[in-house]
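# Observations on chain architecture
Single-letter residue listing:
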Amino acid sequence: MRVEVAVAQVPVCWSVPRNLETILAAIGAAGTGTVLVLPEAVLPGYDDQLSGLGALRPGELAEARDAIAAAARAHGVHVFFGTLLPEHGQWWNAAVYCSPAGRSWVYRKVNLAMHERGRLAAGAALPLLRVTLPAGEVLAGVQLCREIRFPEQWHCLARQGAQVLIYLTYAASPAEPPGVWRAHLISRAAETQRFVLAANVADGRQHCPTMVVSPRGQVLAEAPAGAAATLELTIDLADIRDGYLSQQRGDVVSITWRT
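Here goes a summary of the coordinates provided. Quick caveat, the model's predicted, so the values are computed rather than measured.

### Regarding the packing of aromatic side chains
Counted by the stated rule, this structure contains 3 aromatic pairs. Judged by centre distance (5.4 Å) and plane angle (50 degrees), the ring pair of Tyr46 and Tyr170 falls under tilted. Of the two residues, Tyr46 is situated in the loop between β2 (35–37) and α2 (58–75) and Tyr170 in the loop between β8 (164–168) and α4 (180–192); the sequence distance between them amounts to 124 residues. The same class applies to Tyr46 and to Tyr170, which are both buried. Their ring planes at 40 degrees and their centres at 4.9 Å tell us that Phe80 and Tyr97 sit as a pair that is tilted. On the criterion of sequence distance, the pair formed by Phe80 in strand β3 (residues 78–87) and Tyr97 in strand β4 (residues 90–98) is long-range, its members being 17 residues apart. Per residue, the accessibility class of Phe80 equals that of Tyr97, and both read buried. Over the aromatic face of Trp92 sits the side chain of Arg108, whose NZ or CZ is 5.6 Å from the ring centroid.

If you want it as structure tokens, here you go:
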């Protein structure tokens, strides 16, 4: 089964209207039936101090989310985007999926960054999403930003049946050693033998690339650092394998998860 994907590296700021304009433009540019991946917190904005969190208005975010859902329906695009989600009196770092059929799904970040702890609530599950495409169904798992450093979460998603691992990040810190997060992405793809679709913010300080990696660990496409760009390509799910997962020594090391 072949899947059309678009991974967008776009600028993000603490302005919901400006970010929404960027998101809607990306949706409008994507072809019908395309899986579109946008960065972490692309709707509200983000930084390493969460400096704009207190000024966010839940009503404005809800209206913007409705506009994204409407655009997904109108253009027939499967949209993954990041947001800060107000719910039950708390804020969550979340990835939202909107389908052309009007379906919505949310993943809440399990492993929060240090600056998020105490200010955001942590998720407690690693759910799978079933994406219905014209050619058939695809099982997807989602991870956010620093969760790239926790391979056990990616392995659990793959073991549950995820065929594509979708990664949203806002990774723009000059303090990070160059090349490390790029290597992480390649490792997550090669060790699970799954496709990785990774979207980062367009920022000259970014330390993680926007790219698509094959189940063999081959970089199929990579955006230039700091520039707005969209990677558009077709991936073939026939390339997925279970060889390494099936050879893990469960009698020596066991990974469990709670559904």
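### Structural notes on the sheet that holds β8
Read from one edge to the other, the open sheet built from 6 strands follows the order β6-β7-β8-β9-β10-β11, with strand pairing classed as mixed. For this open sheet the edge positions go to β6 (129–133) and β11 (219–222), each flanked by a neighbour on one side alone. Along the sheet, successive strands turn relative to each other by an average axial angle of 20 degrees, direction set aside. Inspection of the sheet shows strand β7 (residues 136–144) paired to β8 by 5 bridges, in the parallel sense. In the strand pairing of β8, Leu144 is matched with Leu168. In this fold α4 packs onto β8, β9 (195–199), β10 (211–213) and β11, with an angle of close to 30 degrees to the strand it touches most, β10.

### Details of the pattern of salt bridges
Note that side chains of opposite charge can pair when their charged atoms are close. Under the definition given, this model contains 12 salt bridges. One salt bridge connects Glu191 with Arg188, and the closest N-O pair in it is separated by 2.6 Å. Residue Glu191 and its partner Arg188 are both found in helix α4; the two are separated by 3 residues, about one turn of the helix. Residue class for Arg188 comes out buried when judged on its relative accessible area of 8%. If you follow the salt bridges from partner to partner, you end up with Glu40, Lys109 and Glu116 in one network.

### Focus on helix α3 (residues 151–160)
For α3, the full list of buried residues reads Gln153, Trp154, His155, Cys156, Leu157 and Ala158. Contact partners of the buried residues in α3: β5 (104–108), β7, β8, α4, β9 and α5 (243–246).

### Quick look at the nonpolar core
Ile166 and Ile235 are the most contacted members of the largest nonpolar core, which totals 50 residues. When neighbours within four sequence positions are excluded, Ile166 is seen to be in contact with Val37, Phe80, Ala140, Gly141, Val142, Gln143 and Leu197. Formed by 42 residues, the second largest nonpolar core is a distinct cluster that contains Ala26, Leu56, Ile68 and Phe81.

### Quick word on empty space enclosed by the protein
Scanning all chains against the criterion turns up 1 cavity of 30 Å³ or more. Estimated volume of the largest cavity: approximately 80 Å³. For the largest cavity, the full set of lining residues is Val3, Val5, Val35, Phe80, Val131, Leu133, Val138, Ala140, Val164, Ile166, Leu197 and Ile235. Grouping the amino acids of the lining of the largest cavity by side-chain chemistry returns 12 nonpolar, no polar and no charged.

### Some details on the state of the cysteines
Considering all chains together, one arrives at 0 disulfides under this definition. Between Cys13, a cysteine without a disulfide, and Cys145, which holds the nearest cysteine sulfur, the sulfur-to-sulfur distance is 18 Å. Judged by its relative accessible area of 21%, Cys13 falls in the partly exposed class. Free cysteine: Cys156, not disulfide-bonded; nearest cysteine sulfur from Cys145 at 20 Å. A residue is classified by how much of its surface remains accessible, and Cys156, at 3% relative accessible area, is buried.

Conventions we followed
- Residues numbered from 1 in each chain as written.
- Predicted model: local features only at pLDDT ≥ 70, side-chain atom pairs only at ≥ 80, totals over all residues.
- Heavy atoms only, no water.
- Phe/Tyr/Trp six-rings, centres within 6.5 Å; stacked < 30°, edge-to-face > 60°.
- Helix = DSSP H or I, 4+ residues; strand = E, 2+ residues; numbered from the N terminus.
- Buried < 20%, exposed > 50% of the residue type's maximum accessible area, 1.4 Å probe, protein only.
- Lys NZ or Arg CZ within 6 Å of the ring centre and 35° of its normal.
- Pairing = 2+ DSSP bridges.
- Axes fitted to C-alpha atoms, helices over the stretch in contact; angles between N-to-C directions.
- Contact = heavy atoms within 4.5 Å.
- Salt bridge = Lys/Arg side-chain N within 4 Å of Asp/Glu carboxyl O.
- Core = buried A, V, L, I, M, F, W, Y, C linked by side-chain atoms within 4.5 Å.
- 1 Å grid on protein atoms, 1.4 Å probe; cavity = no way out; pocket = protein on both sides within 12 Å on 5 of 7 lines; lining within 4 Å.
- Points joined across faces, edges and corners; volume = space filled by probe spheres on them.
- Nonpolar A, V, L, I, M, F, W, Y, C, P; charged D, E, K, R; others polar.
- Disulfide = S-S within 2.5 Å.

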